[in-house]
Amino acid sequence: MAEDGNRDAPAAGLGALWGALRALLPRTKEELRLDLGESVERSVVLLLQQAADLFYGGRRSECLQTSEVVLDYSWEKLNTGLWQDVDKDWRRVYAFGCLLKAVCLCEAPGDATTVAAALRVCDMGLLMGAAIFDDILIKVAAVLQAHLLPGKRPAHIPAPEQPCLKKARNSHVSIPDLRSERAVPRLRCPSLQHFRKHHLVPQTPVILEGVADHWPCMKKWSLEYIQEVAGCRTVPVEVGSRYTDEEWSQRLMTVSEFIDSYVLNEPRDVGYLAQHQLFDQIPELKQDISIPDYCCLGDGEEEEITINAWFGPPGTVSPLHQDPQQNFLAQVLGRKYIRLYSPQESEAVYPHDTHLLHNTSQVDVENPDLERFPGFAEAPFLSCILCPGELLFIPAKHWHYVRALDLSFSVSFWWS
Amino acid sequence: MAEERPGSWFGFGFCGFGQALGSGRGRQVLSPEPLRVPDAGTDICDIGSLSAAWSYTAIVSSAGRLLLSGSARGAADGCRDAWASETLRAVLRDGPGGPGPGAELQAWAPGAALRGEPLWARPAGPEEAGREDDGAACETRAGPLPLLPGARAHLSPRPPLCRPLCPALRARRLALGAEHALLLDAAGQVLSWGGGRHGQLGHGTLEAEPAPRLLEALQGLRVAAVAAGGWHSVCVGETGDIYVWGWNESGQLALPARGLAEDGQTDAGEAPALKEDGAGLKGPAGPEDAAAAPFIAVQPFPALLDLPLGADAAAASCGSRHTAVVTRTGELYTWGWGKYGQLGHGDTASRDRPRRVQCFVREQLRVTAVSCGPWNTYVRAVEPGRS
């Protein structure tokens, strides 16, 4: 991980860090106020005021303690009920706690470990909190990240074929034989009208070529590049073969830890950095991708488009499932085997009957139990091996199954 | 309830709002300290009912005096029971003629002093006729509230603040978690309803239940007490067995918890010899140990929990993410989240195995009752020789 290049002059280094962080915060404590609604209890509002008072009063260690209480209490609120029902104010409170904690951690002279811890706190605020003070956590994270990697930020070096990529390739992954399967049709740079008429309206899948292949990520992204830009950032990782397994779990770790534990070094378990809005967390990466023009054919606003990163070793599997929105899946690194079933075949894919998993099929697509799921054998489908530079259109509610054949990085765009 | 001489009350855990807990210094107390209420006009010993919310505590003495401490302050007389939650404070008050019928249930906004008008008030239902709690060591009468007298309705911290209960349920006790409810009925059966994403309902799934549903896994067991934490549930059988289910993220079910192992705090991973206090042999859980004892994040149906040395439970109470149990022999065991000292072991470590609170053993006190707030724990203890 990041070397402590500041060991020679810690006071000076961290003095500069503290100055940079302090400059991001409002000058007066009155400005560090959140406008919160009824759902945040009076006792918590008092605590937030107290935390701000302590911070601006220079009582950092007490501020740190109060911030911990704020974090612990709001964490409980974030874990109560369904995530989509959690009041945004509680997420703001949580972010507030993260902000003060992260900044307070960096006041006293410390080492790279302290700064890394503060960055982790920022990331927790970004992952679970909601934006406050004009996305201040992103700015704080950027400052902390820059401090962790002094002078080690190469700007736009194109990535030659990485030896690590070859090392990471798993020879045990089977490549499906597509000759007996119906292929997803392909189009090269269709016009908006053509795409709308022939695929968006009838809701049929298609692979678009020539659309994404010039995005900067296609040349820039490599294991090394991702390590540099995002290595010290904390992300959620899914551990376990698939999310329908009993042994499946979600963990938080830095991108470096993820690469070390689940990509390199012949990992024992499957780990997948899946369905994570990495580009909101690390805006620098967002500059390497673009929103496909075809998304403008939808009803929604561009800000409402959800962009997710999917990064993992060969062999990661997303079980057959459906999503409520239209999806463009851009492949950046490696190849993915993808199978698509129309919503008309929903009965033949035997969705779970629980509310929790009703959008997930019970069938293991490449090894179906035809005794339990006899109708699956005859259900028609389209399939493909999606390669770097290609963009797959998955219509809303279309059942899709994805297996990575190589070290893979995909970017999905959910739009309406 | 068997007549008992007043014991002494102790508290430990979070007191960041200055709520009565112990010495009152600082924002947390790590070991049991004698309870001291600021400006108390009465003897703290004879507490009839204690209910702790996150930022304040409500104590009702046997003489009917209600004391609030923490983010809410004040005192009032003529009170029989109180229920404290962060969003709602409920008080059962005697009617104008003193104790007896005519009692009134009042609900107050948390910030309001006890003067002026409550949010609402209604006549309390008729007392349950001829009911008697027995058992050597009873729970603090933190119940029946949130169960209303008459058991036809219960309080809730979220609107609607008063919710009906089907009378056919014959509810005896009600415990509320962050998203679920547990009901103990007259036949000793347990029902649960509400959110279930952390397995806290105990029906073996993660699905929510809109209405009270019987816990089939406990059928045949006569349950004496139920307790609900934020996302976990505990019940105590009449024979002293403990069952736990729900979320185990901080070890609150006394099952191996991954988060604790990663912080080097887990005690789980079987130790062949247990020390007298049941702490087990502590050592870093190596990767081999982790393989032997798989971590459990969620336990969706009741699991039997063995206390060290085969002790039988008499009472249980749950905080947000911790659990406390009183044994028939007067010992207190705690486990789960310990960051604010709510486990009472003198530190802030979380634990995923039951550990005896040594303080009471050292002082030769018999613990008779326990009542947990979200992040703290209140304990009643007597000197041995007193019943």
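Remember, predicted model here, so these are calculated numbers, not experimental data. (Residues numbered from 1 in each chain as written. Chains lettered and ligands numbered in written order. Predicted model: local features only at pLDDT ≥ 70, side-chain atom pairs only at ≥ 80, totals over all residues. Heavy atoms only, no water.)

A. Spotlight on the overall build of chain A. Assigned secondary structure in chain A consists of 13 helices and 13 strands. Relative to the 2.2 N^0.38 estimate, which gives 22 Å for 416 residues, the radius of gyration of chain A is 23 Å and therefore close to what a compact globule would have. Projected onto its principal axes, the C-alpha positions of chain A cover 70 × 50 × 45 Å. When each of the 416 residues of chain A is scored for burial, the buried share is 51%. For chain A, contacts bridging at least 24 residues in sequence account for 79% of all contacts bridging at least 6. Entry remark: accessible area of chain A is about 19,400 Å², with carbon and sulfur atoms responsible for 49%. Charged side chains in chain A number 39 positive and 56 negative. The centres of these two groups are separated by 4 Å. (Helix = DSSP H or I, 4+ residues; strand = E, 2+ residues; numbered from the N terminus. Rg over C-alpha atoms; globule rule 2.2 N^0.38 Å. Buried < 20%, exposed > 50% of the residue type's maximum accessible area, 1.4 Å probe, protein only. Contact = heavy atoms within 4.5 Å. Areas by Shrake-Rupley, 256 points an atom, 1.4 Å probe, with all protein chains shown as cover. Lys, Arg positive; Asp, Glu negative; His and termini not counted. Charge placed at Lys NZ, Arg CZ, Asp CG, Glu CD.)

B. View of the overall build of chain B. In terms of helices and strands, chain B carries three helices and 26 strands. Taking all 387 residues of chain B together, 57% fall into the buried category. Entry remark: accessible area of chain B is about 15,300 Å², with carbon and sulfur atoms responsible for 52%.

C. Fine view of a negative patch on the surface. Together, Glu301, Glu302, Glu303 and Glu304 of chain A make up a negatively charged patch on the protein surface. In this fold, glutamate 304 of chain A is placed in the loop between α13 (283-286) and β6 (306-312). (Patch = residues over 30% accessible without salt bridge, like charges linked within 9 Å, V, L, I, M, F, W, Y side chains within 5 Å. Salt bridge = Lys/Arg side-chain N within 4 Å of Asp/Glu carboxyl O.)

D. Structural detail: the UniProt feature "repeat: RCC" (unreviewed entry) in chain B. Per the UniProt record, the feature "repeat: RCC" (unreviewed entry) sits at residues 188-239 and 330-383 of chain B. Its end C-alpha atoms 12 Å apart, residues 188-239 of chain B is made of 0% helix and 44% strand. (UniProt positions renumbered as here; feature names shortened; annotations may be inferred.)

E. Region of the structure containing the interface of chain A and chain B. Between chain A and chain B, the residue contacts involve 23 residues of the former and 26 residues of the latter. Each partner contributes to the roughly 2,100 Å² buried at the junction of chain A and chain B, and carbon and sulfur atoms together form 57% of this total. Here chain A is connected to chain B by two salt bridges. The closest approach of N and O atoms between lysine 339 of chain B and aspartate 72 of chain A, which form a salt bridge, is 2.8 Å. Counting across the interface, chain A meets chain B through twelve residue pairs in polar contact (both at pLDDT 80 or more). Where the side of chain A that touches chain B is concerned, the elements lending two or more residues are α2 (42-56) and α3 (60-78) of chain A. Ranked by residue count, the leading element in the side of chain A that touches chain B is α3 of chain A, at nine residues. The residue inventory of the side of chain A that touches chain B, partitioned by class, reads seven nonpolar, nine polar and seven charged. (Buried area = accessible area lost by both parts, 1.4 Å probe. Polar contact = N/O pair within 3.5 Å; in protein donor to acceptor, adjacent residues only side chain to side chain. Nonpolar A, V, L, I, M, F, W, Y, C, P; charged D, E, K, R; others polar.)

F. Molecular detail of helix α5 (residues 112-128) of chain A. Compared with an ideal rise of 1.5 Å per residue, which puts 17 residues at 24 Å, α5 of chain A spans 24 Å between its outermost C-alpha atoms and is within 8% of the ideal. For α5 of chain A, the set of buried residues is Ala112, Val115, Ala118, Leu119, Val121, Cys122, Asp123, Met124, Gly125 and Met128 of chain A. (Expected span 1.5 Å × (residues − 1).)

G. Structural detail: the nonpolar core. With 60 residues, the main nonpolar core has Leu99 and Leu144 of chain A together with Trp54 of chain B as its most contacted residues. Elements that contribute at least two residues to this core include exactly α1 (10-24), α2, α3, α4 (88-105), α5 and α6 (136-148) of chain A. No other element matches α4 of chain A, which puts eleven residues into this core. When residues no more than four places from it in sequence are discounted, the contact partners of leucine 99 of chain A are Leu25, Leu32, Ile132, Phe133, Ile136, Leu137 and Val140 of chain A. (Core = buried A, V, L, I, M, F, W, Y, C linked by side-chain atoms within 4.5 Å.)

H. Examining the sheet that holds strand β22 (residues 322-327) of chain B more closely. Residue and element names in this part refer to chain B. Spatially, four strands are ordered β21-β22-β23-β24 in an open sheet, and the strand pairing comes out antiparallel. Of all strands in the sheet, those with a lone pairing partner are β21 (313-318) and β24 (351-356), marking the two edges. Neighbour to neighbour, the strand axes of the sheet diverge by 15 degrees on average, direction disregarded. As judged from the three bridges shared by strand β23 (residues 332-336) and β24, these two strands associate in the antiparallel manner. When the bridges of β24 are listed, threonine 334 appears paired with arginine 355. (Pairing = 2+ DSSP bridges. Axes fitted to C-alpha atoms, helices over the stretch in contact; angles between N-to-C directions.)

I. Looking closely at the domain arrangement of chain A. Residues and elements named next belong to chain A. Assigned domains of chain A: these are domain 1 (13-148) and domain 2 (180-415). If you average the C-alpha positions of domain 1 and of domain 2, the two centres end up 33 Å apart. Domain 1 puts ten residues into the contact, and the matching count from domain 2 is twelve residues. Here domain 1 meets domain 2 over a buried area of about 880 Å², counting both sides, of which 60% is carbon and sulfur. Three residues stand out in domain 1 for area buried against domain 2, namely Asp123, Leu127 and Gln145, and they jointly supply 51% of the buried area on that side. The interface formed by domain 1 and domain 2 includes one salt bridge. Residue aspartate 123 is joined to arginine 233 by a salt bridge in which the shortest nitrogen-to-oxygen separation is 2.6 Å. The tally of links from domain 1 across to domain 2 stands at five residue pairs in polar contact (both at pLDDT 80 or more). Counting only elements with at least two residues in the side of domain 1 that touches domain 2, the list comes to α5 and α6. (Domains from an automatic or database assignment.)

J. Spatial organisation of the pairing of strand β26 (residues 376-382) of chain B. Residue and element names in this part refer to chain B. Here β26 lies mainly inside the structure; seven of its seven residues are buried. Every second residue of β26 is oriented toward a common face, with Asn376, Tyr378, Arg380 and Val382 on one face and Thr377, Val379 and Ala381 on the other, all of them buried. The sheet contact formed by strand β1 (residues 8-14) and β26 spans six bridges and is antiparallel. Counted as the bridge partner of tryptophan 9 is arginine 380 from β26. Here strand β25 (residues 366-372) runs beside β26; their pairing, made up of six bridges, is antiparallel. Bridge assignment links cysteine 372 to a residue of β26, and that residue is threonine 377. Two successive antiparallel strands, β25 and β26, enclose a turn made up of three residues.

K. Up close: the packing of helix α10 (residues 223-230) of chain A against helix α11 (residues 255-263) of chain A. Residue and element names in this part refer to chain A. Taken N-terminus to C-terminus, the directions of α10 and α11 make an angle of 145 degrees; their axes are 8 Å apart at the nearest point. Across from Leu223, Ile226, Gln227 and Ala230 in α10, the residues of α11 making contact are Val255, Ser256, Ile259 and Val263. For the contact of α10 with α11, the per-class residue count stands at six nonpolar, two polar and no charged.

L. Up close: the packing of aromatic side chains. As enumerated under the stated definition, the model contains 36 aromatic pairs over all chains in all. Considering the side-chain rings of phenylalanine 311 of chain A and phenylalanine 409 of chain A, the 5.0 Å spacing of their centres and the 25 degrees angle between planes classify their relative orientation as stacked. You can see phenylalanine 311 of chain A sitting in strand β6 and its partner phenylalanine 409 of chain A sitting in strand β13 (residues 408-415), a full 98 residues away along the chain. For the pair formed by phenylalanine 311 of chain A and phenylalanine 409 of chain A, the shared burial category is buried. With a centroid separation of 5.5 Å and 75 degrees between ring planes, the pair formed by tryptophan 337 of chain B and tyrosine 340 of chain B is classed as edge-to-face. Judged by relative accessible area, tryptophan 337 of chain B falls into the buried class, the value being 5%. When its relative accessible area of 3% is taken as the criterion, tyrosine 340 of chain B is described as buried. Taken together, Tyr73 and Trp90 of chain A together with Phe14, Phe17, Trp54, Trp337, Tyr340 and Trp375 of chain B form an aromatic cluster joined through their ring pairs. The ring of phenylalanine 55 of chain A carries the charged tip of arginine 60 of chain A above its face, separated from the ring centre by 4.8 Å. Positioned above the aromatic ring of phenylalanine 381 of chain A is the side chain of arginine 339 of chain A, whose terminal nitrogen or guanidinium carbon lies 4.1 Å from the ring centre. (Phe/Tyr/Trp six-rings, centres within 6.5 Å; stacked < 30°, edge-to-face > 60°. Lys NZ or Arg CZ within 6 Å of the ring centre and 35° of its normal.)

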